[in-house]
Structures are given as structure tokens and as C-alpha cells.
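Analysis of the macromolecular model
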Amino acid sequence: MNSPRRWTLRTDRTSYTVRLSADGPWAELDAWGPLGAEDGPSPLDWSHRTHFITPADAAPAEYLPSGLRPFTGADLVAARPGAERGVWWEFAGAEEAPGSLRLAFADDVLGLRTVLCYAVVPGTDVLLRWTELTCTGEETLRLERLDSGAVTVPAADGVRLTYLTGQWSQEFQRTRLDLTRGTFTMGSTQGVPGHAYAPWLAVQDRHAPEDGPAPTYGVALAWPGNWHITAEAEPGGTVRVRAGRVPHEGTVPLAPGDTLTTPRLACAFSSEGLDGLARVWHRYERHLSGERLGRTRKVLYNSWEATGFDVEAAGQLELAKAAADIGAELFVVDDGWFTGRADDTGGLGDWYPDPAAFPRGFGRFVEDVRGLGLDFGLWVEPEAVSPNSRLYAEHPDWVYRVDGRPARLVRNQLLLDLGREDVQDFVVSTLDRLLCEYAVSYLKWDMNRPPTERGRPGAGPADRLDLDAGHVTGYLRILDHLRTAHPQVTVEGCAGGGGRVEHATLARTDVVWPSDNTAPLDRLRIQFGFLHAHAPHLMSSWVTDAPGVFDPRPRSLAFRFVTALCGVLGIGADLRTWGPARRAEAARWIARYKEVREVVHHGEARLLGTPDDPTCGVQYDAQDGARTVVAAFGTGRLDGAPLVPGRAARLRLRGLDPAARYHDTASAATYSGAHLLHYGLPFAWTAEHDADLVVLKRQ
Ligand code: GLA
């Protein structure tokens, strides 16, 4: 039973209990864990007798402003212009409904009402948290910090943080850090989540097994702009994680009567370790995809790695024909199809097909591709503009600039100020024109430069404009428009690879491009990290040529196919150079993928080992348990020396029924569930056989 001062929110398998503090006007976490864990004394209670700080500074607070929490990390910093910073509020009431809770706090001196919002996501183990800030006074407030929420994890002797870090072409590297004292913070001020860190964090007890079952807490922030996630060892013997937007341009204004809603912070728990937490996130992202989850993700061919900017009809058609022959279902022309785009120095903004490249007309070219039985897709970078484009000549005021200062180029281009409605309208009408004029059913939306000089000349200083939120609003509005006005179009999200992967984007796209790096062993590691946070049906992946652009380490064609079919399979190789044997092998892999993609995209995925192990893999169990698909990789040396001397490699499966029998449809071998759980599937890796796809049917 909930008392008026204690509320429990329940997901499928977890509960989250909040109470009003006995020490002051704030909400605290009482318990978070498996269902029923809230029934007992709170593990987050502490002695309340820490000398030299205030009770609020050590409390497992859900959200506290800087006035009330003077010394340790506050979640909200606000002020009236020219006045002292700080919020001192009183509890102003709770509203509870099935699966949701709102706790209000009012500071009548400042003129600010703060509502902590909670909502359970049905069918998942995710609880959403966000905060609504309303200016109730007569003066515009300045918000210097405006987090979405904070969660507290008990930590008797510190926590292990797992996060996804990297850089362009090396995104989603799983990394760990023990936090016993101090602060760990990550984020981005690049106007997009960025390549350096994913807005995702997992927290476990420092002594929990590294890759086994253990209570594991996670957060992920839905915000495609500037952000931070900060974990702080607190004086009360806990680790508190807070997350939210970063007002990089200064402060965010909140005008009288206005309400600012912070981004959603998704909070997840699993008792089954990082792998169990990954499945919680996968289920949540299947929920985000909604009915579009049911749309078959087609086997794509993308010509970027084969032709680069050298796009012309005959060469593209030759590739399309070869792609259709091996079983591709969709042909995407990447960068280079529009006027002025001989290289990356021009063309962006002028979204018209280059007549020299398509002498018989672009419409005819699209129909020729479709005549091969392929859907047609196109690359666009709607936020970008080249300085020598017609668009820039006509609308120099549409890009971010600071008056009187030089505008820097990144990848030879500028960025449109998508917060402006006229710019949004231009992008919407450009995409409408392309999608209506040509039979385009797939759009790859790219973004290759962060905003540098963030200003809007003539509109006042950036710290009064909230340009970050403006850009995000424009971006999401256009993605929403694509979904409603062109529901048949599949949208791929990309930002120079995985620079903009977060829940607001994932709710509005069908797949995302995790990285430009398609080299087999690098890709395996990128995908391994990606799958900790994101679902397989969103993970676009291509088979490309060897040696790759990034990594010459040899791997077989099979390895590259098995890696790519761990998500949404695509081909990016120059098929014109492939002989009949290679094409036949590719056709066999694509046919096998089509047989299992339903399980890969809709099943429950388990990460088996890590790319640091000589054998690792991903297991996908069909929801009805009838089929299990295992993608397995030999990651070790391939020079003839046995990978594990004297022993065949084994991959222990998980979650199977020990009493059931499982039949390997390719080798005809049959295993008991107990054998697969205890000893694992056997593999014998060689240079030619360094990856495998095993399909087990439950008998
Ligand atoms: C970015 C993308 C690539 C490709 C190029 C084209 O780098 O991540 O996949 O589309 O742009 O210029």
C-alpha cells in the first residue's frame, strides 16, 4: 500500500519507490530493484549525522535545486536576472495515476514551480523520468542547470560504471571504470550526442561479476543535442547519477507563464547483469519503434564505399544489377548524386539530381533500379550547406554565425540553423519534393558537422535563445513530418556514423548507422558495444571489401556476413569486382539471413562473451522459443596455430530449456539444452572458417 508520502511504480519485473524525506521538502529514492524489493527497510537510509554538510547534501534525492542542496551536485540551478542563484521550495502536492506519478514543488519567492514526472512504459522494465519547470513569477528566469532527474544506487564500497565511448569510426567501445570517490562525467557540447560518448550508462556494485548476473541499473537520455550524464560518489555512501541537457551557450531562459519540459531520462533495471540490462533496452526500443517494428528491414545495397562521390547512372546500375542478383532488396545511392557534389567541397543545400550524372533523367534512373526488383533509397544531409551552393548565396543568414566573426568550416561545410521555422520549412519542402517526385522509399539522413559559431545574428545573444533546443525541435519536427506525410519511407539515421544515436532519434527512425567503420574486427567491437544499449533491429551493418578502409586484419567473407547479419544486413562492397564464386557465396548468406532476420530483429538477444575472447557471439531466441540463432566469431589468430591449443572453441548458450533438445539445421547435430548451457556449442576455427551462423530448432 502506498502511504501519502511513499509511492511505488511497477514495471513488468521491477519496482521504483519514492518517498518524501523526513528531513526536508524533497523526494528521495526508497528502493529500486526487482518487484517486491521495496518491501523492507530502505537500503538508501543513512545515519543523517554527517558533520559539516546538510541532510539534503547526502540524501538519495530524486531532484534537488542548488539552494536546498548547497554543497553536492544539484540538479537545478536557477535565478532571476541580477539576483542570487538558488531555489528553495516547498512540497506542493502529488498526483498519482496507474503507472504515473507527479510530485510538485513550489518556490513562490523565485516564481518557479517544479514537477518531477514519472511514467512506467508498459510491457518493459523502463521507467521514464522528466521534470517540468514553470515560471510562475513576473520575471524571466535564467536556468543554468536543468537536469531531467537523478537516480541513486547503494554502493557500500563503490560502483563499476560501464559506458560507451570512442571517436569517429570507433564508436560504442564498451569501457569500465570503478568509482569509489569523486565524480565521473561524460557528455557532449557538439549539438548532437557525439561520437565520444553515448548518452547511456550502466551502474553495478564494484564487486559484481564482470559479465555475469548481478543487479544492474541503467539510464539513457533522450536528447539529440548537448547533454551530460554525471555519476557522483555521495557522502551518504551511495552513487548518484544525474543527467540532462547542458546549456552550453550560457543559460536557458524561462519566461513568465512558460513551462519547460526536460528530455526524458529512461531508467532501467535488470538482475541479470549488463546482458540482462541490454535486453531491457532492446525491448524498450522495440516499443519505441511501435508498429514500424513490424516492417521488414530490407537487405540494402549502398554504393558509398564502391563509388564515393563518383556517382553516375551507368556505374550505379551495374552495381544495382549485381546487388539484385545476389538477393539485395533495396538500392541506396549515397552522397554525390546532386549538383555541385564532385567532392566534399560543394553541393550541399542544392538538392537536385546532377543532370550530367543522370543524362536520361533521375526519374528514369530510379525506375531502372526499381525495374530490377529493388526499392530505391537516397542519401541526404538536410542540415548542411556548402559555402559555394546556391542555397547559401540566397540565404547566408540561415546558417549559425556570430556577427563580425569568421564562420569556420568543418568538412568544408556550414550548418543550417534548424531552429528557424523558415529553415525547417525549406527542409520539409525539399524532402517532400524529392519523395514525391521520385519513387524513393528509403532516406539516409546524415549530419557531418557540429555547430561551431552558435549564434543567430540580429536575434540577440545566444544565451537568451536556447539554440540547442531550437535545433532539436526542428530536427524532430522534420522527422515526425517524414513519418506522417511519407509513412512508406524507411528512415536511416546517421551523423558521420554513430554521432546521433539516442532515444528521441530512435523513436523516429527505422534504423541507424552505428559507424563508418565496416572493417570486420573493428565492427564486431563497435556492434558489441552498440548492442549493450540498442536493439538489433535498429543496427544497420554492411559487408564491405577486404582489406577495409580502416583495418587490414584479414577475415573471411563469412565473418563479414555473420557480423553484418547481427543487425540489419546491408552490402557496401564494390560488387563489380566480385567473381562468380564470391557472388554465389554472398547470395547464400543473404538467403540464410532472410530465413533468420525475423528472429534477429524480434527475438531476445544475448551477448555471449566479448570480442576480447577467442570465441564470442550473439544468441537470438525467437519469442516463442522455437528457434535459436547463434552468430559466432573466432577472433583470435588465423595463421594456422590452434586458437585454443588442443581444444575446440565452445560458446556456452544461455536461457535455453535444459530438458529440451535442439537440432542444428545445417550440421544435423542435436544437443540437449543442458549440454548447450553447460559445455556450449562447439566450433573449430580456421582461416577459412572464422565465423558461423548456427540455427537451432527446438524439437
Ligand atoms: C558520412 C556517413 C557515411 C557517408 C558519407 C558521405 O561520413 O557516415 O556513411 O554517407 O558521410 O559523405
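This text follows the structure it describes.
Anyway, here's the lowdown on the structure attached to this text. The structure presented is a predicted model; accordingly, all values stated were derived computationally and were not measured.

1. Notes on the packing of aromatic side chains
Within the structure shown, the criterion is met by 30 aromatic pairs. An aromatic cluster is built from Trp-337, Phe-338, Trp-351, Phe-358, Phe-362, Phe-365, Phe-376, Trp-379 and Tyr-438, whose rings are joined through pairwise contacts. Above the ring of Tyr-400, the side-chain terminus of Arg-454 is found at 5.0 Å from the ring centroid. Arg-523 extends its terminal NZ or CZ atom over the ring of Trp-513, reaching a point 4.5 Å from the ring centre.

2. What to know about the sheet that holds strand 35 (residues 670–672)
Spatially, 6 strands are ordered 30-31-32-37-34-35 in an open sheet, and the strand pairing comes out antiparallel. Both outer strands of the open sheet, strand 30 (604–608) and strand 35, are each paired with one neighbouring strand and no more. Averaged over all pairs of adjacent strands, the angle between their axes in this sheet comes to 25 degrees, without regard to strand direction. Sheet topology places strand 30 next to strand 31 (residues 615–621); 5 bridges connect them, and they run antiparallel. Looking at strand 31, one finds that Glu-604 is bridged to Asp-621.

3. So, the environment of Ala-78
Tracing the backbone shows Ala-78 in strand 4 (residues 76–79). According to the relative accessible area criterion, Ala-78 is buried, its value standing at 0%.

4. What about the pattern of salt bridges?
Oppositely charged side chains are able to pair whenever their charged atoms sit close together. As enumerated under the stated definition, the model contains 50 salt bridges in all. Between Glu-453 and Arg-408 there is a salt bridge, and its shortest N-O distance comes to 2.8 Å. Of the two residues, Glu-453 sits in the loop between strand 25 (442–445) and helix 8 (467–485) while Arg-408 sits in the loop between helix 6 (390–394) and strand 24 (414–415), which places them 45 residues apart along the sequence. Taking the relative accessible area as the measure of exposure, Glu-453 reaches 11% and is therefore buried. Look at Arg-408 and you get exposed, because its relative accessible area is 52%.

About the cut-offs
Per chain, the residues get numbers from 1 upward, laid out in the order the sequence is written. With pLDDT at 70 or above as the cut-off, local features in this predicted model cover only qualifying residues; side-chain atom pairs require 80 or more to be listed or tallied, and sums for whole chains, interfaces and linings still use all residues. Hydrogens are left out, water is left out, and the side-chain values use all remaining heavy atoms of the structure. The rule is short: rings of Phe, Tyr and Trp, with Trp giving its six-membered ring, pair when the centres are within 6.5 Å, and they are stacked under 30 degrees, edge-to-face over 60, tilted in between. A ring is considered to have a charge above it if a Lys NZ or an Arg CZ atom is located within 6 Å of its centre and within 35 degrees of its normal. Strand pairing is assigned whenever DSSP detects at least two bridges linking the two strands. Comment: elements are numbered from the N terminus, with helices defined as DSSP H or I runs of at least four residues and strands as E runs of at least two. For helices, the fitted axis covers only the stretch in contact; all axes are lines through C-alpha atoms, and the angles between them, taken along N-to-C directions, range from 0 to 180 degrees. Here the term buried applies to any residue with accessible area under 20% of the maximum for its type, exposed to any over 50%, and partly exposed to those in between, with areas from a 1.4 Å probe on protein chains only. When a carboxyl oxygen of Asp or Glu lies within 4 Å of a side-chain nitrogen of Lys or Arg, that pair is called a salt bridge.

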